[in-house]
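# Summary of structural features
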Amino acid sequence: MSATTAAPAAPGVWADVVGQHSAVAEFRRAASPHGSLAQAWLIAGPPGSGRSTAARAFAATLQCESGQGCGSCQACRTTLAGTHPDVTVVATDKLSISKEEVRGLIQTAHRAPATGRHRVLIIEDADRMSAGTFNVLLKSIEEPPPATVWMLCAPSPQDLAPTIRSRCRVLTLTIPAADVVADLLVRRDGVDPEVAARAARAAQGHIGLALRYATQPGALAAREDAARALLGLRSTGEAVLAAAALVERATAEAKEHADEVAAQERARFLRSAGIDDGKIPPALRSQVKQLEDDAKRRQTRLVRDVLDRYLLDAHSVLRDVLTLQLATGSDLVNPGVEEELHEAAQAADARATLALLDAVQRTRARIAGNVPPLLAVEALLSRAAVTLR
């Protein structure tokens, strides 16, 4: 299906929740006057499936003046904009969500709604809570105040503690089809249909990545260059150098972003403390140290996120190689490097490519599990160099 013939968008606040028709229907039933509204939800789905977008749309529906999620009333508009007084969203760009953050949420959860019908609390990346943090949250999930609704977002139900998972209504999203994502980019972001289709295919249905590829100059070209570099590895030495360059780029990109956020947070703190000469009183130095520590944790996570994005791209390249080896006739995710894909398909057999695909997934798990990124990426690229030459 082309981007122009994709299914029509859902109305109101659900317009940007694409490719999730059954999930949207369940949310809307639960929010209706005759529905059964659980007070704790686990919204699960792979990266790019739109978990946070769905949670915000559900929150807007719960607060909507008409109860339908119209998208035009003040309650809908402020919820989607992140300014509704009764909707609290917690997102982190650090490695974890702290107990202190969750304790603050619990205090908020026990306050009566100020203007809306519900007090809604959304925790994005709920999988980034530790076992101890889950224990802090458990009682509030078990016995929430009558008007409170919790929404926890995570890649899969297994990413949350069983005690939390068992007390939530689980709703699982899927990665939307590329044509549906392309339609969203055209309709919502004004992207050229051809560019949208190419970006959506490259992103494999990941909405955020598709938008980046479609709107950031050079993003798609850089992705194709990385694919050529992967397929062009011919020795362990080349692999080691490529891994070092990749980790260095990821670290630089993460540091730039982390430093920018840290500077903004420090400036806000100094303003709020009435400090305009940069001199930190002894009583406030521990808070400044906390900001610095948060910046380091943010950079660590961002390095992992950048590398994971590369590994997902590498997985799609190897998937294309396997597609050609098996002659499945499926569309290529990376048609811009088709010539190099054919060369790689002839250099190895399908069994070896499958082993490489497994190695990519193991590398992702190792980096997430605190294996030094350079060692993990070196091992993967060295194996790819031997297999594909």
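The structure presented is a predicted model; accordingly, all values stated were derived computationally and were not measured.

This brings us to the packing of aromatic side chains. For the structure on display, the rule yields four aromatic pairs. Linked through ring pairs, Trp14, Phe27, Trp41 and Phe58 together constitute an aromatic cluster.

Time to look at the pattern of salt bridges. Counted by the stated rule, this structure contains 16 salt bridges. Of the charged contacts, one joins Arg119 and Asp86 as a salt bridge, the two residues approaching to 3.6 Å between their closest N and O atoms. Of this pair, Arg119 sits in strand 3 (residues 119-123) while Asp86 sits in the loop between helix 3 (74-81) and strand 2 (87-90), placing them 33 residues apart in sequence. Arg119 sits in the buried class, given a relative accessible area of 4%. Two residues, Arg228 and Asp225, come together in a salt bridge whose shortest N-O distance is 3.2 Å. Here the residue Arg228 and the residue Asp225 both occupy positions in helix 10 (residues 219-231), the gap between them amounting to three residues, near one helical turn. Looking at Asp225, the relative accessible area reads 48%, which means it is partly exposed.

With 19 residues, helix 14 (residues 350-368) extends 27 Å between its outermost C-alpha atoms, agreeing within 8% with the 27 Å of an ideal straight helix rising 1.5 Å per residue. Those residues of helix 14 not exposed but buried are Thr353, Leu356, Leu357, Ala359, Val360, Thr363 and Ile367. All buried residues of helix 14 fall inside an arc of 155 degrees around its axis, so they share one side. Pointing more than 90 degrees away from the buried face of helix 14 are the exposed residues Arg351, Ala365 and Ala368. Within two residues after helix 14, Asn370 carries a phi angle of roughly 80 degrees, on the positive side.

Turning our attention to the environment of Glu124. Checked against the element boundaries, Glu124 lands in the loop between strand 3 and helix 5 (131-142). Remark: the alpha-carbon pair of Glu124 and Val89, spanning 35 residues in sequence, is separated by 7.3 Å. Once you skip the residues sitting within four places of it in the chain, Glu124 turns out to touch Ser52, Arg56, Val89, Val90, Ala91, Ile97 and Cys153.

Looking at the protein as a whole, its pLDDT mean stands at 89, while 96% of the residues score no less than 70. Note on residues 1-6: pLDDT is under 50 here. Beyond four places in sequence and across chains, it has 10 contacts.

So, on to the nonpolar core. Inside soluble globular proteins, nonpolar side chains tend to come together where they are buried. In this structure, Leu230 and Leu381 are the most contacted members of the largest nonpolar core, which totals 39 residues. Looking at this core, the elements that each hand over two or more residues are helix 10, helix 11 (236-272), helix 12 (285-326), helix 13 (338-347), helix 14 and helix 15 (373-388). Broken down by element, the residue count for this core peaks at 11 residues, all from helix 12. Once residues lying within four places of it in the same chain are set aside, the contact partners of Leu381 are Leu230, Leu233, Ala239, Ala242, Ala243 and Tyr310. Core analysis: the next-biggest nonpolar cluster, separate from the first, contains 30 residues, Phe27, Leu62, Cys153 and Leu171 among them.

Where helix 7 (residues 178-189) contacts helix 8 (residues 193-203), the axes come no closer than 8 Å and their chain directions differ by 135 degrees. Taken together, the axes of helix 7 and helix 8 are oblique relative to one another. Between helix 7 and helix 8 lies a crossing whose hand is right-handed. On helix 8, the residues that touch Ala178, Val181, Ala182, Leu185 and Val186 of helix 7 are Pro193, Ala196, Ala197, Ala199, Ala200 and Arg201. Considered class by class, the residues forming the contact of helix 7 with helix 8 number 10 nonpolar, no polar and one charged.

Mapped onto the secondary structure, His206 falls in the loop between helix 8 and helix 9 (207-215). At a separation of 3.4 Å, a polar atom in the side chain of His206 contacts the main-chain amide nitrogen of Gly48.

A separate point is the pairing of strand 3. Counted residue by residue, strand 3 has five buried out of five residues, so it is predominantly covered. Side chains of strand 3 alternate between two faces, with Arg119, Leu121 and Ile123 and Val120 and Ile122 buried alike. Direction of pairing for strand 2 relative to strand 3: parallel, over a ladder of four bridges. Considered in strand 3, the bridge of Val90 is made with Ile123. Relative to strand 4 (residues 148-154), strand 3 is paired through five bridges, and the arrangement is parallel. Paired with Ile122 across the bridge in strand 4 is Met151. Assessed by its sense of winding, the connection that carries the chain from strand 3 through helix 5 to strand 4 is right-handed.

This next bit is on unusual backbone geometry. The phi dihedral of Gln204 is positive, around 55 degrees, even though this residue is not glycine. Looking at where Gln204 falls in the secondary structure, it is placed in the loop between helix 8 and helix 9. Its identity as a non-glycine residue notwithstanding, Ala327 has a phi of 50 degrees, on the positive side. Topologically, Ala327 is positioned in the loop between helix 12 and helix 13.

Bringing helix 8 into the picture now. Within helix 8, burial applies to Ala196, Ala199, Ala200, Ala202 and Ala203. End-on, the buried residues of helix 8 take up no more than an arc of 160 degrees, which puts them together on one face. Check the buried side of helix 8 and you find it contacts helix 7, helix 9 and helix 10. At the N-terminal boundary of helix 8, the capping side chain belongs to Asp192, with an oxygen 3.0 Å from the backbone nitrogen of Glu194. Looking one or two places after helix 8, you find Gln204, whose phi comes out positive at around 55 degrees.

Parameters and conventions
Residues numbered from 1 in each chain as written. Predicted model: local features only at pLDDT ≥ 70, side-chain atom pairs only at ≥ 80, totals over all residues. Heavy atoms only, no water. Phe/Tyr/Trp six-rings, centres within 6.5 Å; stacked < 30°, edge-to-face > 60°. Salt bridge = Lys/Arg side-chain N within 4 Å of Asp/Glu carboxyl O. Helix = DSSP H or I, 4+ residues; strand = E, 2+ residues; numbered from the N terminus. Buried < 20%, exposed > 50% of the residue type's maximum accessible area, 1.4 Å probe, protein only. Expected span 1.5 Å × (residues − 1). Arc of directions from axis to C-beta. Contact = heavy atoms within 4.5 Å. pLDDT = per-residue confidence, 0-100. Core = buried A, V, L, I, M, F, W, Y, C linked by side-chain atoms within 4.5 Å. Axes fitted to C-alpha atoms, helices over the stretch in contact; angles between N-to-C directions. Parallel < 35°, antiparallel > 145°, perpendicular 65-115°, else oblique. Left-handed = near helix turned anticlockwise from the far one by under 90°. Nonpolar A, V, L, I, M, F, W, Y, C, P; charged D, E, K, R; others polar. Polar contact = N/O pair within 3.5 Å; in protein donor to acceptor, adjacent residues only side chain to side chain. Pairing = 2+ DSSP bridges. Right-handed = clockwise from strand over helix to strand, strands pointing away.

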